[in-house]
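Take a look at the letters that make up each chain.
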Amino acid sequence: MLKGAVMIMGFLIVLLMGLIIYGFYQKAQNPDYKMFRSEDTPSAQSNATSTVTQIPAGSLGLSESAKILSVQVEGKRAILLVARNGIKADLLVVIDTTTGKILNQTSTNP
């Protein structure tokens, strides 16, 4: 009887550890992943309709001579390479495409 209880508890521990590892892996792949979704949590399908066009014009605070040299979209983030003087790339901007918020700005000049 006691051996059976220990075996069942050991199996449950292994099963739950596997679930935790699976959750960590999913969270690493998708930062918005939730293992237990509630009804009021928006699903991935409702977020799929949002686009980069939600970013208000002029919200980057760039001058008129600034140029966006390239844009790379990775998941729900857009990475912009900006030349503030219009010639040489000197700013890297990361934007959340679903909300339009600037997540990070990094100057590429030392």
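Keep in mind that this is a model prediction, so the values were computed, not measured. (Residues numbered from 1 in each chain as written. Predicted model: local features only at pLDDT ≥ 70, side-chain atom pairs only at ≥ 80, totals over all residues. Heavy atoms only, no water.)

Further remarks concern the confidence of the model for the chain. With 79% of its residues at a pLDDT of 70 or more, the chain has an overall mean of 79. Here residues 45-53 scores under 50 on pLDDT; set against residues more than four positions off or in separate chains, the count is 6 contacts. (pLDDT = per-residue confidence, 0-100. Contact = heavy atoms within 4.5 Å.)

Right, let's talk about the sheet that holds strand S3 (residues 91-96) for a bit. As summarised here, the arrangement of the 4 strands in space is S1-S2-S3-S4, forming an open sheet in which the pairing is antiparallel. The two strands at the open ends of the sheet, each matched to only one other strand, are strand S1 (67-74) and strand S4 (102-107). Going across the sheet, the axis of each strand differs from the next one's by a mean of 15 degrees, ignoring polarity. (Pairing = 2+ DSSP bridges. Helix = DSSP H or I, 4+ residues; strand = E, 2+ residues; numbered from the N terminus. Axes fitted to C-alpha atoms, helices over the stretch in contact; angles between N-to-C directions.)

Moving on, we come to the environment of glycine 23. Within the fold, glycine 23 resides in helix H1 (residues 2-29). C-alpha of glycine 23 to C-alpha of lysine 34: the two residues are 11 residues apart in sequence and 8.3 Å apart in space. The contact partners of glycine 23, leaving out residues within four places of it in the chain, are Tyr33 and Met35.

Side chains bearing opposite charge may pair, as long as their charged atoms lie close to each other. Counted by the stated rule, this structure contains 2 salt bridges. Across the salt bridge formed by arginine 84 and aspartate 90, the nearest N and O atoms sit 3.3 Å from each other. Judged by its relative accessible area of 10%, aspartate 90 falls in the buried class. (Salt bridge = Lys/Arg side-chain N within 4 Å of Asp/Glu carboxyl O. Buried < 20%, exposed > 50% of the residue type's maximum accessible area, 1.4 Å probe, protein only.)

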